[in-house]
Amino acid sequence: MAAQNLSIDFINISTDSVVFNLPQMDTWLAEKTLATAHANYRMVSDCAKVAIVGAGITGTPGITARIVNTLAKHHIDILQSTDSYTTIWVLIHKTDLTAALNSLHDEFLQSHQFTLTQ
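Calculation criteria
- Residues numbered from 1 in each chain as written.
- Predicted model: local features only at pLDDT ≥ 70, side-chain atom pairs only at ≥ 80, totals over all residues.
- Heavy atoms only, no water.
- Buried < 20%, exposed > 50% of the residue type's maximum accessible area, 1.4 Å probe, protein only.
- Helix = DSSP H or I, 4+ residues; strand = E, 2+ residues; numbered from the N terminus.
- Arc of directions from axis to C-beta.
- Contact = heavy atoms within 4.5 Å.
- Phe/Tyr/Trp six-rings, centres within 6.5 Å; stacked < 30°, edge-to-face > 60°.
- Lys NZ or Arg CZ within 6 Å of the ring centre and 35° of its normal.

**Q** How should I be thinking about helix H2 (residues 63-73) in this particular structure?
**A** Quick reminder: α-helices carry 3.6 residues per turn. Residues three or four places apart thus point the same way. Among the residues of H2, Ile 63, Ile 67, Thr 70 and Leu 71 are the ones counted as buried. With its buried residues spanning 95° around the axis, H2 presents them on a single face. Opposite the buried face of H2, by more than 90 degrees, sit the exposed residues Asn 69 and Lys 73. In this structure, the buried residues of H2 make contact with strand S3 (47-53), strand S5 (87-93) and helix H3 (97-108). Looking at the residues trailing H2, positive phi occurs at His 75, about 60°.

Put into structure tokens, the structure is as follows:
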């Protein structure tokens, strides 16, 4: 991907796979590059990143469990996740974005609802 000047993020590496995220506008070049390399790959389009951000995340047990349980309760699949000291991100299907924001907001803040427009 770097040789094609494609910037990727959300990278998860295991012994049998590499999973990453890139902007939708770059998928055609990534797909061409992977096909040329005869790589076994699968693309999932129309995803969205949701983040829980806060200094209180550091050293607080159970934050990820609350995120996973809340999204599962609303039948929202987590495609990928990553974290830092102050942020936990999850990748979900874009069609679930409003429901994910509302359910996580209810879980962590218990107030206003979000409505997304495109």
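**Q** Whenever I open this one, the packing of aromatic side chains confuses me. Can you help?
**A** How two aromatic rings sit relative to each other is given by the distance of their centres and the angle of their planes. This model, assessed by the stated rule, comprises 0 aromatic pairs. Between Lys 49 and the ring centre of Phe 10, over which it is positioned, the NZ or CZ distance is 5.3 Å.

**Q** How should I be thinking about the side chain of Gln 80 in this particular structure?
**A** Mapping Gln 80 onto the fold places it in strand S4 (residues 80-83). Every residue in contact with Gln 80, bar those within four places of it in the chain, is listed here: Phe 10, Ile 11, Asn 12, Val 19, Phe 20, Trp 89, Val 90 and Leu 91.

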